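# Per-entry structural report
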Amino acid sequence: EKYVVAVVGATGAVGNEMIAVIEERDFPVERLRLFASERSEGVKLNFKGEEIAVETLKEDSFQDIDIALFSAGAERSKIWAPIAAKSGCVVIDNSSQWRMDPEVPLVVPEVNPHDLKWHKGIIANPNCSTIQMVVALKPIHDVAKIKRVVVTTFQAVSGTGKKAMDELLQQTVDLLNFREIKIEVYPHQIAFNVLPHIDKFLENGYTKEEMKMVNETKKIMGDPTIRVTATTVRVPVFRGHSESVNIETEKKITAKEVRELLSKAPGVVVMDNPEKNEYPLPIYASGRDEVFVGRIREDESIENGINMWIVSDNLRKGAALNAVQIAEELIKMVK
Ligand code: A2P
Ligand code: 11C
């Protein structure tokens, strides 16, 4: 069977990647429809050697669409996802709009595919930094029960979107040419800098990105008792989020056991040979599908603790790939 699939936000950083992933994985597409803002009306994008014109959204756009992958921002998802779902289309939404809604499953196929069973037309794709972390945490949690996670992230600018990628490139070029730089996307210069600030600040002093990691992790892992604390940081990298993750478990687990567990875990590649200077790096994870884990060590400051370094392509596993994997799981379920 083949499906009519839509990508909403097709001209964006994630949307582009969604089109590429659908093509690469040979998702059974009968017809692909592409949507973006009026600014992009008439723009043509390539899919399997065919030029597809970008459309704008209308009330009846979703009538004949089976699956819609949304990545056009939370505001658009808030308005359009319910309209799409009402027309009988299944929405896989990459924005933060529906993630914590108790009526909406939040899914990472390697972790909680069973939650797809109770969807009511909208399924949420988690935040990129959360996805790559839970893929590595789940196998450990199943064996040793994770009590607490302390995470610090090093996130690429593509997480913010296309404009931010252009800004990092332009600032770098301008600085190297001794020209004045423009600061538009972030509150500060991002080239040759590090910003301990992703998304808006909240009343508790944390950022929204930090609280996404706390709340989404509990929901995806199906365990509200896991305590998570996060510091999220933007770094001048184009693609690939890195994370320093410290976990405390109920049961003792050794670094060797974690390495063995993760080597067998779906979607994970262990890259941990310090003697050869081998550890995960964003430049190697970029364009790849897997979650790379290295620097696996026991935390010697506590009884049962592990430190590790997790890297993955935020546009792939962190967004587009995870969304397409959800669609693949869905069609497996109806077969
Ligand atoms: P457009 O390119 O026409 O602005 P990114 O996250 O990389 O910035 O991309 C955001 C995506 O969301 C783009 O594809 C953008 O389209 C799309 N988008 C923005 N506003 C709307 C809207 N009102 N309706 C549909 N798509 C939108
Ligand atoms: C970033 N994680 O890297 C963000 C982008 O909730 O989907 C994704 C925001 C979200 O900037």
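Residues numbered from 1 in each chain as written. Chains lettered and ligands numbered in written order. Predicted model: local features only at pLDDT ≥ 70, side-chain atom pairs only at ≥ 80, totals over all residues. Heavy atoms only, no water.

Spatially, 9-8-10-13-12-11 is the arrangement adopted by the six strands of the open sheet, whose pairing is mixed. The open sheet has two free edges, formed respectively by strand 9 (227-231) and strand 11 (268-270), since each of these has just one partner strand. Pairs of neighbouring strands in the sheet enclose a mean axial angle of 25 degrees, with direction left out of account. Of the pairings in the sheet, the one linking strand 8 (residues 146-154) to strand 9 comprises five bridges and is parallel in character. Opposite valine 149, over in strand 9, you have valine 228 as the bridge partner. (Pairing = 2+ DSSP bridges. Helix = DSSP H or I, 4+ residues; strand = E, 2+ residues; numbered from the N terminus. Axes fitted to C-alpha atoms, helices over the stretch in contact; angles between N-to-C directions.)

Attention shifts here to empty space enclosed by the protein. One pass over the full model with this rule turns up one cavity of 30 Å³ or more. Approximately 30 Å³ is the volume attributed to the largest cavity. Forming the boundary of the largest cavity are Val5, Ile22, Phe27, Ile67, Leu69, Val324 and Ala327. When residues of the lining of the largest cavity are traced back to their parent elements, those giving at least two are strand 5 (67-70) and helix 8 (316-334). When the residues that make up the lining of the largest cavity are grouped by side-chain class, the tally is seven nonpolar, no polar and no charged. (1 Å grid on protein atoms, 1.4 Å probe; cavity = no way out; pocket = protein on both sides within 12 Å on 5 of 7 lines; lining within 4 Å. Points joined across faces, edges and corners; volume = space filled by probe spheres on them. Nonpolar A, V, L, I, M, F, W, Y, C, P; charged D, E, K, R; others polar.)

Turning next to the site of ligand 2. Near ligand 2 you find 13 residues, and of these Arg99, Asn127, Glu209, Lys212 and Arg234 are the closest. Arginine 234 places a polar side-chain atom, nitrogen or oxygen, 2.5 Å from an oxygen atom of ligand 2. Notes on ligand 2: free accessible area 320 Å², of which the protein chains cover 84%. Of the residues belonging to the shell around ligand 2, the class tally is two nonpolar, seven polar and four charged. (Near = heavy atom within 4 Å. Polar contact = N/O pair within 3.5 Å; in protein donor to acceptor, adjacent residues only side chain to side chain. Areas by Shrake-Rupley, 256 points an atom, 1.4 Å probe, with all protein chains shown as cover.)

Now for the packing of aromatic side chains. All chains considered together, the criterion is met by three aromatic pairs. Geometrically, the ring pair formed by phenylalanine 62 and phenylalanine 70 is stacked, given 5.8 Å between the ring centres and 15 degrees between the ring planes. Aromatic ring contacts, followed pair by pair, group Phe35, Phe62 and Phe70 into a single cluster. (Phe/Tyr/Trp six-rings, centres within 6.5 Å; stacked < 30°, edge-to-face > 60°.)

This paragraph deals with the domain arrangement of the protein. Split by domain assignment, the protein resolves into domain 1 (3-126 + 319-334) and domain 2 (130-314). If you average the C-alpha positions of domain 1 and of domain 2, the two centres end up 25 Å apart. Counting from both sides, the interface comprises 20 residues of domain 1 and, opposite them, 19 residues of domain 2. Taking both partners together, domain 1 and domain 2 bury about 1,600 Å²; carbon and sulfur atoms supply 62% of that area. Of all residues in domain 1, Met100, Glu110 and Val111 give up the largest surface area on contact with domain 2, accounting jointly for 30% of the area buried on that side. Scanning the region where domain 1 abuts domain 2 turns up three salt bridges. A salt bridge links arginine 99 to glutamate 216; the shortest N-O distance between them is 3.0 Å. At the junction of domain 1 and domain 2, the tally comes to seven residue pairs in polar contact (both at pLDDT 80 or more). Those elements that provide at least two residues to the side of domain 1 that touches domain 2 are helix 1 (13-24) and helix 8. A breakdown of the residues in the side of domain 1 that touches domain 2 according to their chemical character gives nine nonpolar, six polar and five charged. (Domains from an automatic or database assignment. Contact = heavy atoms within 4.5 Å. Buried area = accessible area lost by both parts, 1.4 Å probe. Salt bridge = Lys/Arg side-chain N within 4 Å of Asp/Glu carboxyl O.)

Turning to a negative patch on the surface, a few remarks are in order. A cluster of acidic residues, Glu1, Glu30, Glu59, Asp60, Asp64 and Asp66, forms a negative patch at the surface. Relative to the assigned elements, glutamate 30 resides in strand 2 (residues 29-35). (Patch = residues over 30% accessible without salt bridge, like charges linked within 9 Å, V, L, I, M, F, W, Y side chains within 5 Å. Lys, Arg positive; Asp, Glu negative; His and termini not counted. Charge placed at Lys NZ, Arg CZ, Asp CG, Glu CD.)

Moving on, we come to the side chain of glutamate 210. Looking at the secondary structure, you find glutamate 210 in helix 5 (residues 208-221). Engagement of the side chain of glutamate 210 in a polar contact is seen with the backbone nitrogen of threonine 232, the distance being 2.8 Å. With residues near it in sequence (within four places) discarded, glutamate 210 still touches Ala230, Thr231 and Thr232.

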